[in-house]
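Residues per chain are reported as follows:
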There are 2 protein chains.
Amino acid sequence: MKYPNSNKNYVKPRESASNRGMSLEEDINTTNRYYLTSDIAVVYKKPTPITIVHVDYPKRSAAKITEAYFKVASTTDYNGIFMGRYIDFEAKECESKTSFPFSSIHSHQIRHLTDVLRHGAIAFIIIRMVAYDKDFLIKANDFINFYNSTSRKSLPYDWIEKNGFVIEKTYKKPCDYLQVVERVFELWVRK
Amino acid sequence: MKYPNSNKNYVKPRESASNRGMSLEEDINTTNRYYLTSDIAVVYKKPTPITIVHVDYPKRSAAKITEAYFKVASTTDYNGIFMGRYIDFEAKECESKTSFPFSSIHSHQIRHLTDVLRHGAIAFIIIRMVAYDKDFLIKANDFINFYNSTSRKSLPYDWIEKNGFVIEKTYKKPCDYLQVVERVFELWVRK
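What counts, and at which threshold
- Residues numbered from 1 in each chain as written.
- Chains lettered and ligands numbered in written order.
- Predicted model: local features only at pLDDT ≥ 70, side-chain atom pairs only at ≥ 80, totals over all residues.
- Heavy atoms only, no water.
- Disulfide = S-S within 2.5 Å.
- Buried < 20%, exposed > 50% of the residue type's maximum accessible area, 1.4 Å probe, protein only.
- Helix = DSSP H or I, 4+ residues; strand = E, 2+ residues; numbered from the N terminus.
- Pairing = 2+ DSSP bridges.
- Axes fitted to C-alpha atoms, helices over the stretch in contact; angles between N-to-C directions.
- Contact = heavy atoms within 4.5 Å.
- Phe/Tyr/Trp six-rings, centres within 6.5 Å; stacked < 30°, edge-to-face > 60°.
- Arc of directions from axis to C-beta.
- Least-squares fit on C-alpha atoms with pLDDT ≥ 70 in both.
- pLDDT = per-residue confidence, 0-100.
- Parallel < 35°, antiparallel > 145°, perpendicular 65-115°, else oblique.
- Left-handed = near helix turned anticlockwise from the far one by under 90°.
- Nonpolar A, V, L, I, M, F, W, Y, C, P; charged D, E, K, R; others polar.
- Salt bridge = Lys/Arg side-chain N within 4 Å of Asp/Glu carboxyl O.
- Expected span 1.5 Å × (residues − 1).
- Polar contact = N/O pair within 3.5 Å; in protein donor to acceptor, adjacent residues only side chain to side chain.

On to the state of the cysteines, then. According to the stated counting rule, one finds zero disulfides over all chains in the structure shown. Distance from the sulfur of Cys94 of chain A, which forms no disulfide, to the nearest cysteine sulfur (Cys175 of chain A) is 15 Å.

In structure tokens, the structure reads:
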């Protein structure tokens, strides 16, 4: 998805947050393609949800959407299957050095993570701390417990360092989260 | 999603096929909402994949997509978690009385079903035979085996009747496919 950024007349909308997130998203997509072609797992990013208002149907060419709006997602962005298990996660970049704002994750998404956890999913959040060039995997359970028990508006970085698991990057797997998942969720035990 | 249909100048595009499917889609969405609120399962339809070409960012109002096109889906439309298991399916309406054309399911989707099956998913196809007002669940495995072993271009209705499982409709669950899933995939045995 390309957003115009050269025209100074554009007002930067909230959606530009997903612009900043592009590179984590691309790293995860690359990694997911590797997992798929290596037969490790089947995980996809869901398409961006939009509300279509108007579609033109020109003769002899493809239908063109001429009016549509971004919609708030009811679920997380990623899900799939790994080692026979349903996995579900959200991924966000974080510019702050000191904390991850809870406002980065919609309440719908927290409810969704709570729902899938109750049904036996492997659920987590990936946070890229841009300033430290580090990706962390945080179990959804830990995230939700902290979220529900605090009056804070963000997850402090020291909490992330203590409770999160660093995700390794390689050329083929720029965000190799499943290596962490396998270890942290002890999948070999449950098989 | 609303498509204009009153203007006679519009050429009906291929995408209008998804218009015909609207009512099965709505029945599945209603059923999925029931499953969610009754804590039976968490299953969602994925958003329609589109390629965004241009977005306007008017001051003081929401970003507006002014040029976008429909994209072929790389996966099936529905996935989620039921009884701790990953489930994945595609749903299609069929107007023909005699057979279900294979062209209704993209080759990407057949490949995707093959992928998730190999990883241990519960995978299937729901076909609504409009003429008979009947919904059938067909195991992805059975569908793919037949698809790979025939030179036919469609699934004959007698094959569907013999190999498919009729899905019941109730007011709250207008397409109660999980009742069939639980029985047909013998989920209580594997728990």
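It is worth spelling out the pairing of strand β4 (residues 78–82) of chain A at this point. Residue and element names in this part refer to chain A. The buried fraction of β4 amounts to five of the five residues, a majority that puts the element mostly inside the structure. Looking at chain direction, strand β1 (residues 41–45) and β4 are connected through five bridges and run antiparallel. Within β4, the residue paired with Ala41 across the bridge is Phe82. Bridge analysis of β4 against strand β5 (residues 85–94) gives five bridges, and the strand direction is antiparallel. Paired with Tyr78 across the bridge in β5 is Phe89. Adjacent in sequence and paired antiparallel, β4 and β5 are bridged by two residues, among which Met83 carries a positive phi angle near 50°.

Residues and elements named next belong to chain A. In spatial order, the strands read β1-β4-β5-β7-β8-β10; together these six strands make up an open sheet with mixed pairing. Of all the strands in the sheet, just β1 and β10 (165–167) have a single pairing partner and so form its edges. Sheet twist, expressed as the average angle between the axes of neighbouring strands with direction ignored, equals 25°. Taken together, the six bridges between strand β7 (residues 122–129) and strand β8 (residues 134–139) define a ladder with antiparallel strand orientation. When the sheet's bridge partners are listed, Arg128 is paired in β8 with Asp135. Against the sheet, helix α4 (residues 140–149) makes contact with β7 and β8, and its axis sits at roughly 80° relative to β8, the strand it touches most.

All names here are of chain A. Scanning the entire structure with this criterion turns up 27 aromatic pairs over all chains. Ring centres of Tyr78 and Phe89 lie 4.8 Å apart, and the angle between their planes is 5°; on these two criteria the pair is classed as stacked. One end of the pair, Tyr78, is in strand β4; the other, Phe89, is in strand β5, with eleven residues separating them in the sequence. Among the residues examined, Phe89 registers a relative accessible area of 0% and is labelled buried.

Let us now look at helix α6 (residues 177–184) of chain B. Residue and element names in this part refer to chain B. For α6, the full list of buried residues reads Tyr177, Leu178, Val180, Val181 and Val184. Viewed along the axis of α6, the buried residues span an arc of 155°, placing them on a single side of the element. Glu186 lies just past α6 and shows a positive phi near 50°.

Attention now moves to the relation of the copies chain A and chain B. Once chain A is rotated about the relating axis by 180° and shifted along it by 0.0 Å, it coincides with chain B to within an RMSD of 0.0 Å. Given the turn and translation reported, the copies of this chain are related as if by a two-fold rotation axis.

Residues and elements named next belong to chain A. Averaged over all residues, the pLDDT of chain A is 89; the fraction at 70 or higher stands at 86%. Confidence drops under pLDDT 50 across residues 1–21; counting only partners more than four residues distant or on other chains, this segment forms 26 contacts. Across the whole predicted complex the pTM is 0.86, and at the interface the ipTM reaches 0.85.

Between two packed helices, the angle of one axis relative to the other and the distance separating the axes together describe the packing. Residues and elements named next belong to chain A. The N-to-C vectors of helix α3 (residues 107–118) and α4 enclose an angle of 125°; their axes lie 10 Å apart at closest approach. In this view, α3 runs oblique relative to α4, as classed from their interaxial angle. Two packed elements cross with a definite hand, and for α3 against α4 that hand is left-handed. For the pair α3 and α4, contact is made by Ile110, Leu113, Thr114 and Leu117 and by Ala140, Asn141, Phe143, Ile144 and Tyr147, respectively. Here the residues of the contact of α3 with α4 sort into seven nonpolar, two polar and no charged.

For the rest of this paragraph, the subject is the pattern of salt bridges. Pairing is possible between side chains that carry opposite charge, provided their charged atoms lie close to one another. Overall, the coordinates contain 20 salt bridges over all chains when judged by the stated rule. Residue Asp135 of chain A pairs with Lys169 of chain A through a salt bridge whose shortest N-O separation is 3.6 Å. Of this pair, Asp135 of chain A sits in strand β8 while Lys169 of chain A sits in the loop between β10 and α6 (177–184); the two residues are 34 residues apart in sequence, bridging distant segments of the chain. Residue Asp133 of chain B is joined to Lys169 of chain B by a salt bridge in which the shortest nitrogen-to-oxygen separation is 3.7 Å. In this pair, Asp133 of chain B is assigned in the loop between β7 (122–129) and β8 (134–139) and Lys169 of chain B in the loop between β10 (165–167) and α6, connecting sequence segments 36 residues apart. Among the ionic contacts, a cluster of salt bridges with common partners joins Asp27, Glu93, Arg128, Asp133, Asp135 and Lys169 of chain A.

Think of an α-helix as turning once every 3.6 residues; residues three or four places apart then point the same way. Residues and elements named next belong to chain B. Over its twelve residues, helix α3 (residues 107–118) runs 17 Å from end to end, which matches the ideal 16 Å to within 8%, given 1.5 Å per residue. What α3 keeps buried is the set Gln109, Ile110, His112, Leu113, Asp115 and Val116. Looking one or two residues beyond α3, the residue adopting positive phi is Gly120, at roughly 100°.

Another aspect to go through is the interface of chain A and chain B. Facing 50 residues of chain A, the contacting portion of chain B comprises 50 residues. Two residues, Arg118 of chain A and Asp39 of chain B, come together in a salt bridge whose shortest N-O distance is 2.6 Å. Applying the counting rule to chain A against chain B returns nine residue pairs in polar contact (both at pLDDT 80 or more). Only β1, β2 (50–56), β3 (64–70), β4 and α3 of chain A provide two or more residues apiece to the side of chain A that touches chain B. For the side of chain A that touches chain B, the per-class residue count stands at 28 nonpolar, eleven polar and eleven charged. Relative to strand β3 (residues 64–70) of chain B, β3 of chain A runs antiparallel, the two sharing four bridges. Paired with Lys64 of chain A across the bridge in β3 of chain B is Tyr69 of chain B.

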